[in-house]
Amino acid sequence: MAAAWQSLRDVFRRKSEREPEEALSESPAVAEVQEDQPDNPFGNVQLLDAHADIVRIMVRVDDRRVASASDDGLIVIWNVHDGSKLETLTGHTRAVSCLTALTLDGLRLLSASIDRTIRVWDPSKGQCTLTLSTSGDTVKSLEYLTGSGMLCGAGECIYLWNRQGHLLQQLVRVGEDSNVHSMLALRHEHVVALSDSNAPEVYAMERHSSQMVKLRFFRQLIGHRESVRSVVKLSDSEFATGALDGSVIIWSAENLSALTRLNIQEHYYSRNHNYVFSVQYMLPFRQFLFVAVGNGFHIYNHVRGTQLYVETSAHHSKVEHMVFLSRDSLLVTCSLDASIRIWACAAILESDNVGAGGAGMLGAGAGADSSMVSLGSVHQQQAAAPRTPARASLSIHVGGGGGAGGIGGGRAASFSAPSSPMAGGGGGAGSGL
């Protein structure tokens, strides 16, 4: 058995050493769903039809509610258990560019739009409690700074508001990479800002008095070779960034030093300059880090810095977003190919000791299938070896191209399944933030 695993590891290593185009051409075809799947836990898929344009953002509100935001300017709150529409939040006049949930004394939804406003919502009442202006800029990311109670937003500029909604600072950024698309708030009131640059910028809170607070540039994070597309918090002391070159770097939130480098590719783009290993999204869970890489995804133990699993062909196009369902036993991936797939990964998530052997141990690509899932049924195969994770593919096509992170046709997919709530935040009321 040891010889067999060593052989798998050798095959994977030889594949990874080839040119990206050659490795990509020999990667396994995207597995298609089967008709005979009697063990599928999902009784049906319901299309939640309320939007008139592409749904680009969905966030969890709490254990029973999820909010969707669309290019039609609407934010709709749904009951995830029965698919009913609870509230429609109206006020934005153009596409919603950012949506996040914030828990203070209660729950708030914060949204930004191409109409150049930011709105604070009470989701229980369906009311807008505060409107902020961005002086002609479209905010693409919002972060709440817990220590100071400030709200930070970014687009072409970086903005800082207090809890009463008063604008304290508008920091103008210049240059080709000035437009910020993502941010992450760290401890010690630092903020990481991502643009088209390969070096994320860190800003620090500077207090001159109780009334005079502002952000100042602190330093850049050097390590990636191409534009950084994703940033996630792993713990209070660590965070991760992922880039177009496929690299994932884990950083210390204390001193901003690079701790671990993952998925470093010598040749990371094809002859026609496609980034075949590009990182579009990262999803942390306990000691695991799920990374959307190209058309597939990787699973890492970020504490040990080891690679557990590689799926190179999860979709026909790039994987743009991932989330967990069914008490975190199922991984959901969505792609630019306008499909949603669900993967059974409980064998990895339930074991703290999996992964010492690297990618070959848990299978590379389609080398270690144990089950394949589709709507209405499950086709099962015997696992290739003990401790190989169940590999599932439930595919749902929901029309349209969908756009980055979006679902085409102005619809959102809801799943009826045992224990299927999307875990969530809290609740709230009042004015201001």
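Residues numbered from 1 in each chain as written. Predicted model: local features only at pLDDT ≥ 70, side-chain atom pairs only at ≥ 80, totals over all residues. Heavy atoms only, no water.

Looking at this model, I keep getting lost on the confidence of the model for the protein chain. Mind explaining?
Segments scoring low in pLDDT should not have their predicted coordinates read at a detailed level. When pLDDT is averaged along the protein chain, the result is 75; 69% of the residues meet or exceed 70. Throughout residues 1–26 the model reports pLDDT below 50, and contacts reaching past four residues in sequence, or to other chains, amount to 26 contacts. Ignoring residues within four places in sequence, the model shows residues 352–409, a span with pLDDT below 50, making 190 contacts including any to other chains. (pLDDT = per-residue confidence, 0-100. Contact = heavy atoms within 4.5 Å.)

Can you walk me through the environment of Leu336 in this structure?
Looking at the secondary structure, you find Leu336 in the loop between strand S27 (330–335) and strand S28 (339–344). Considering only alpha carbons, one finds Leu336 and Val319, 17 residues apart in sequence, at a separation of 6.7 Å. (Helix = DSSP H or I, 4+ residues; strand = E, 2+ residues; numbered from the N terminus.)

Can you help me understand the side chain of Asp115 in this one?
One can find Asp115 in the loop between strand S7 (107–113) and strand S8 (117–122). Here Thr93 takes part through its backbone nitrogen, which lies 3.0 Å from a polar atom of the side chain of Asp115. A distance of 2.7 Å separates a polar atom in the side chain of Asp115 from a polar atom in the side chain of Thr117. Once you skip the residues sitting within four places of it in the chain, Asp115 turns out to touch Gly91, His92, Thr93 and Arg94. (Polar contact = N/O pair within 3.5 Å; in protein donor to acceptor, adjacent residues only side chain to side chain.)

Just checking my understanding: could you explain the packing of aromatic side chains for this structure?
What characterises a pair of aromatic rings is the spacing of the ring centres plus the angle enclosed by the ring planes. Summed over all chains, the structure comprises ten aromatic pairs. Taking the centre distance of 6.5 Å and the plane angle of 15° together, the rings of Phe239 and Trp251 count as stacked. Of this pair, Phe239 sits in strand S19 (residues 238–243) while Trp251 is found in strand S20 (residues 248–252), placing the two residues twelve residues apart along the sequence. There is no split in this pair, since Phe239 and Trp251 are both buried. Ring geometry for Tyr268 and Tyr275: centres 6.3 Å apart, planes at 10°, overall stacked. On the basis of relative accessible area, Tyr268 is assigned to the buried category, the value being 10%. You can call Tyr275 buried: its relative accessible area is 17%. (Phe/Tyr/Trp six-rings, centres within 6.5 Å; stacked < 30°, edge-to-face > 60°. Buried < 20%, exposed > 50% of the residue type's maximum accessible area, 1.4 Å probe, protein only.)

Just to check I follow, could you spell out the side chain of Glu311 for this structure?
In this fold, Glu311 is placed in strand S25 (residues 306–311). The class for Glu311 is buried, based on a relative accessible area of 1%. Within the structure, Glu311 has its side chain in polar contact with the side chain of Tyr309 (distance 3.3 Å). Side-chain polar atoms of Glu311 contact the backbone nitrogen of Ser313, separated by 3.5 Å.

Sorry, what's going on with the pattern of salt bridges here?
Side chains that carry opposite charge are capable of pairing whenever their charged atoms lie near each other. Scanning the model with the defined rule gives nine salt bridges in all. Here Arg56 makes a salt bridge to Asp71, at a shortest N to O gap of 3.0 Å. Note that Arg56 is positioned in strand S2 (residues 55–60) and Asp71 in the loop between strand S3 (65–70) and strand S4 (75–79), a separation of 15 residues in sequence. Residues Arg187 and Glu254 are paired through a salt bridge, measuring 2.8 Å at the closest nitrogen-oxygen approach. You can see Arg187 sitting in the loop between strand S14 (182–186) and strand S15 (190–194) and its partner Glu254 sitting in the loop between S20 and strand S21 (258–262), a full 67 residues away along the chain. (Salt bridge = Lys/Arg side-chain N within 4 Å of Asp/Glu carboxyl O.)

What should I look at first to understand the pairing of strand S26 (residues 319–325) in this one?
Working note: regular strand, side chains alternate between the two faces of the sheet. Within S26, five of the seven residues are buried, which leaves it mostly tucked inside the rest of the structure. Where S26 lies against S27, six bridges are found, and the strand directions are antiparallel. Its bridge partner lying in S27, His321 is registered against Cys334. (Pairing = 2+ DSSP bridges.)

Quick question: what am I supposed to make of the sheet that holds strand S23 (residues 288–293) here?
Remark on secondary structure: sheet strands pair via backbone hydrogen bonds, oriented parallel or antiparallel. The four strands lie next to each other as S22-S23-S24-S25, forming an open sheet whose pairing is antiparallel. Only two strands of the sheet have a single neighbouring strand rather than two, namely strand S22 (279–285) and S25. The average undirected angle you get between the axes of adjacent strands in this sheet is 20°. (Axes fitted to C-alpha atoms, helices over the stretch in contact; angles between N-to-C directions.)

Help me understand the sheet that holds S20, please; the structure alone is not making it clear to me.
Ordered by their spatial adjacency, four strands build an open sheet running S18-S19-S20-S21, and the pairing between neighbours is antiparallel. Edge positions in the sheet fall to strand S18 (228–233) and S21, since each of these pairs with one other strand and no more. If you compare each strand with its neighbour and ignore which way they point, the axes differ by 20° on average. Where S18 lies against S19, five bridges are found, and the strand directions are antiparallel. In the strand pairing of S19, Lys233 is matched with Phe239.

Even after reading the chapter, I still don't get the pairing of strand S11 (residues 150–154), so can you show me in this structure?
Of all the five residues making up S11, five are buried; the element is thus mostly covered by neighbouring parts of the structure. Both faces of S11 are covered, namely the face carrying Met150, Cys152 and Ala154 and the face carrying Leu151 and Gly153. The sheet contact formed by strand S10 (residues 141–145) and S11 spans five bridges and is antiparallel. Counted as the bridge partner of Leu145 is Met150 from S11. Remark: four residues form the turn of the hairpin made by S10 and S11, two consecutive strands paired antiparallel; Gly149 in that turn has positive phi of roughly 75°. Taken together, the four bridges between S11 and strand S12 (residues 157–161) define a ladder with antiparallel strand orientation. For Cys152, the partnering residue across the bridge sits in S12 and is Leu160. Taken together, S11 and the strand that follows it, S12, pair antiparallel across an intervening segment of two residues.

Looking at this structure, how should I read unusual backbone geometry?
Glycine aside, negative phi is the norm for most residues, and most peptide bonds take the trans geometry. Backbone geometry at Arg116 places phi at a positive 70°, although glycine is not the residue there. With respect to the helices and strands, the residue Arg116 is situated in the loop between S7 and S8. In this structure, Leu256 is a non-glycine residue whose phi angle is positive, near 60°. Within the fold, Leu256 resides in the loop between S20 and S21.

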